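Results of the structural survey
In case you want the letters, here they are:
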Amino acid sequence: MPRDRYARQSLGATQRLVKESRVLLVGAGGIGCELLKNLVLTGFGEIHVIDLDTIDLSNLNRQFLFRHEHIKKPKALVAKDVAQKFNPNVKLFAYHANIKDRQFNLEWFSGFNIVFNALDNMDARRHVNKMCLAVDVPLVESGTTGFRGQVQVIKKGETACYDCTPKTTPISYPVCTIRSTPSQPIHCIVWAKSYLLPELFGVSEDEAAELDSSEDTDNAEEIKKLKEEAQALKKIRASMGSNDFAKQVFDKVFKEDIERLAKMEDMWKDKKPPEPLSYDELEQQATMVDSGVARNGQGTWSVVENFVVFKDSLDRLVKRLSQEQAAASKSGELQPSISFDKDDDDTMDFVTAAGNLRAIIFGIEPKSKFDIKQMAGNIIPAIATTNAMIAGLCVLQAFKVFKGDYARTRWLWLGIGSLRTDQLDLPNPECPVCSVAMARVQVDVERATLADLVQDILRTRLGYGEEVTVMTEAGVVYDPDLEDNLEKKLSDLNIGDASFLLIKDEDDDPRVDLQIAIEAKKAADETKVVLLEKEGEKLEIPRKPKKQSAPDGGHAEDDDANGIIVTNGTSSSTTLPSGKRKRPLDDEGDESATPAKKLQVPSSEVVKNLDMQAIVIDDDDGALVIADDE
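Predicted, not measured: the structure shown is a model, and the values here were computed from it. (Residues numbered from 1 in each chain as written. Predicted model: local features only at pLDDT ≥ 70, side-chain atom pairs only at ≥ 80, totals over all residues. Heavy atoms only, no water.)

1. Details of a negative patch on the surface
Basically, it comes down to this: What makes a patch is a set of residues exposed beyond 30% relative accessible area and free of salt bridges, joined within 9 Å when like-charged and within 5 Å when nonpolar (Val, Leu, Ile, Met, Phe, Trp, Tyr). Only the protein chains shown count as covering a residue, and every accessible area follows the Shrake-Rupley method with a 1.4 Å probe. By definition here, a salt bridge exists when the distance from a side-chain nitrogen of Lys or Arg to a carboxyl oxygen of Asp or Glu is within 4 Å. Here the positive residues are Lys and Arg and the negative ones are Asp and Glu; neither His nor the chain ends is included. Charged side chains are reduced to one point each, which is NZ for Lys, CZ for Arg, CG for Asp and CD for Glu. Here a helix means four or more residues in a row that DSSP labels H or I, a strand means two or more in a row labelled E, and each is numbered from the N terminus.
Taken together, the side chains of Glu-467, Asp-481, Glu-483, Asp-484, Glu-506 and Asp-508 make up a negatively charged region of the molecular surface. Topologically, Glu-506 is positioned in the loop between strand E12 (500-505) and strand E13 (514-520).

2. Points about the side chain of Ser-368
Counted only if it meets this: A 1.4 Å probe rolled over the protein chains alone gives each residue an accessible area, and that area as a share of the maximum for its type sets the label: buried under 20%, exposed over 50%, partly exposed in between. Whenever a nitrogen or oxygen atom comes within 3.5 Å of another N or O atom, the pair is scored as a polar contact, on the condition that within protein one atom can donate a hydrogen and the other can accept it, and that pairs from neighbouring residues in sequence are kept only if both atoms are in side chains. By definition, residues are in contact when any of their heavy atoms lie within 4.5 Å.
Relative to the assigned elements, Ser-368 resides in the loop between helix H13 (345-361) and helix H14 (369-376). Accessibility expressed as a relative area gives 4% for Ser-368, which makes it buried. A polar atom in the side chain of Ser-368 sits 3.1 Å from the backbone nitrogen of Asp-371. Those residues in contact with Ser-368 that sit more than four places away from it in its chain are Gly-297, Gln-298, Gly-299 and Thr-300.

3. Remarks on the environment of Ala-451
Along the chain, Ala-451 turns up in helix H16 (residues 450-461). Ignoring anything within four residues of it in the chain, the contact list for Ala-451 reads Asp-456, Leu-486 and Glu-487.

4. Quick word on helix H10 (residues 245-262)
Condition: Multiplying 1.5 Å by the residue count of a helix minus one yields the expected span of that helix. Here the bend at a residue means the angle between the axes of two seven-residue stretches, the one that ends at it and the one that starts at it.
Here H10 contains 18 residues, and its C-alpha end-to-end distance of 25 Å stays within 8% of the 26 Å for a straight helix at 1.5 Å per residue. A maximum bend of about 40° is found in H10 at Lys-252. Residues of H10 that are buried include every one of Phe-245, Ala-246, Val-249, Phe-250, Asp-251, Lys-252, Val-253, Phe-254, Asp-257, Ile-258, Arg-260 and Leu-261, and no others.

5. Quick notes on the pattern of salt bridges
Inspection of every chain in the model, using the stated rule, returns 32 salt bridges. Of the charged contacts, one joins Glu-46 and Arg-22 as a salt bridge, the two residues approaching to 2.7 Å between their closest N and O atoms. Taken as a pair, Glu-46 in strand E2 (residues 46-50) and Arg-22 in strand E1 (residues 22-26) lie far apart in primary sequence, 24 residues in all. Across the salt bridge formed by Arg-316 and Asp-349, the nearest N and O atoms sit 3.0 Å from each other. Placement of Arg-316 in helix H12 (residues 303-331) and of Asp-349 in helix H13 is noted, with a sequence separation of 33 residues between them. A relative accessible area of 23% means that Arg-316 is categorised as partly exposed. We classify Asp-349 as buried; its relative accessible area is 3%.

6. Structural notes on the packing of aromatic side chains
The relative placement of two aromatic rings is captured by the distance of their centres and the angle of their planes. Rules: Aromatic pairs are defined between Phe, Tyr and Trp rings, using the six-membered ring for Trp, whenever the two ring centres lie within 6.5 Å; interplanar angles under 30 degrees are classed as stacked, those over 60 as edge-to-face, and all others as tilted. Working rule: Lys NZ or Arg CZ, within 6 Å of ring centre, within 35 degrees of ring normal, means a charge sits over the ring.
On inspection of all chains with the given rule, the structure shows 19 aromatic pairs. Where Phe-250 meets Tyr-279, the ring centres are 5.5 Å apart and the plane angle is 70°; that geometry is what we call edge-to-face. Here Phe-250, found in helix H10, pairs with Tyr-279, found in helix H11 (residues 279-285); they are 29 residues apart in sequence, far enough to count as distant. In terms of burial, Phe-250 and Tyr-279 fall into one category: buried. Connected via pairs of aromatic rings, a cluster forms that spans Trp-191, Tyr-195, Phe-201, Phe-250, Phe-254, Tyr-279, Phe-307, Phe-310 and Phe-350. The ring of Phe-112 has Arg-22 sitting right over it, with the charged end atom 4.7 Å from the ring centre. Positioned over the ring face of Tyr-464 is Arg-511, at 4.7 Å from the centre of the ring.

7. Comments concerning the pairing of E1
Keep this limit in mind: Any two strands between which DSSP finds at least two bridges are classified as paired. We call a crossover right-handed when, viewed with both strands directed away from the observer, the connection leading from the first strand over the helix to the second proceeds clockwise.
A large share of E1 lies buried, amounting to 4 of its 5 residues. Pairing of E1 with E2, which is carried by 5 bridges, proceeds in the parallel orientation. By the bridge assignment for E2, Val-23 is matched with Ile-47. In this region the chain leaves E1, passes through helix H3 (residues 30-42) and returns to the parallel neighbour E2; the handedness of that crossover is right-handed. Pairing of E1 with strand E4 (residues 114-117) involves 4 bridges; the strand directions are parallel. Bridged to Val-26 within E4 is Asn-117.

Quick look at the structure:
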């Protein structure tokens, strides 16, 4: 009996489309493993899977394609080899790479019939969303958080895209709470992860304002002191490698700084002041502690055990940074730094020990390494069964996509014991990604100049006037007052294959914004170094609609005031016909890089009824910012 008999019986003519399809799967983690298995067993003809991550021990409980012997190996390559055994008839290709690499350009994306996102970070999701829109390839977006999950179909011009829902601004918290008056374990963990570790081994706070205190005028004097502390720590950093380096760091952050804080009596009227620690006393007691205590990740370490791990991890990090700096000096590369990674034992041990020592000083309960890994790495527990159900729903939606039946595709919401379906939103007319006009331009980037693009494409082919602005991700490269770049080659402006340019019309009757996707192509005709992909077709850029003024006394209602939306960096103000709101979920609950939930609080009345805290990870640098109800 043919292995695809039941698939043919169930899908009918669609099975042929499935068998002839060329599919891209981005991500081989929790959802990715389940989804790859489904795609292979269903008989999708050719599947390309890409993932930049390697397999970690913590992945094995839910990423079932991997085994203990696969640890430290690339996820994509192992997933391909294991999944191939499920169905030898399917063609599988794997890439251990970043989906944002230039090799995965527009031409590459355009070769697929459908793309599946099984990612765990917003930046990569937004990139895949933009690429799929640019080449008009349907995208099936998915994510899970614990027992909840969601699936969304994205099709250019048919449905809302990933960026149609505006992103919330992370909630910040006064720096002094993190650095002077911690009251919870997470405050101490953030201090160790986002302040002490970067000050010693990463980018100093003088160079990167990670915790913004510019508007904290009520604590101006305290902030001034904190800056002085940072300068003192910078001087200690200069002595890295000396025999007393560990003692200098310890005395600075666990003794001298604490003694200064304890003297501020007004801060401790209603609570117990912090108690500094003694390096010498702990050093004497440390002889009785097993040096392998760091391997005990489940238990809560004593103050002496934390001291031992602190010294040991500090020594490991110093040696590592010294070796990396020496190698960089020989090769002429930029000086390296060390940043936190939950799967890096050196930084994980350092953050655990330093955070716990600070917690003990302030009378806060210390946590086990296992607990701190979840908090510092912001791990949302992943449930294997949730991943499996979401992966199955992705494939079911893909069948509708192959039929072109977008009217029947749904936004699927998986909850505890429930599955809800919502009609997909239409594209948001204000979306900065999919509401703009789009064009693909083939460019000989080594020969073409910005003037070629402006003159040959914008003015001659598309009819733009003089008042036009050209922007890259780095900023404005051309406008009527900035003509210095016109004679520069596009490659000199870092405009190359898979680059995107945003064109803004500044005329009195302006066109809508135009997004140009660049494809690097060697020109066959040497007189033409830039040309539209479909040169024979006429591309019309619509005009922006005239804004209508509201009637006297009228005002737009603030829809955000009607509810609260907890999302993965998104906030949706879309109201369903029933008045209920869609509530987008977080990314997959994987340890790798899942951002924390960001809380948008639209009204003070709602806040009164909440007893919660928000932990926000900044997507650019991974900084944790805490908000609480104090």
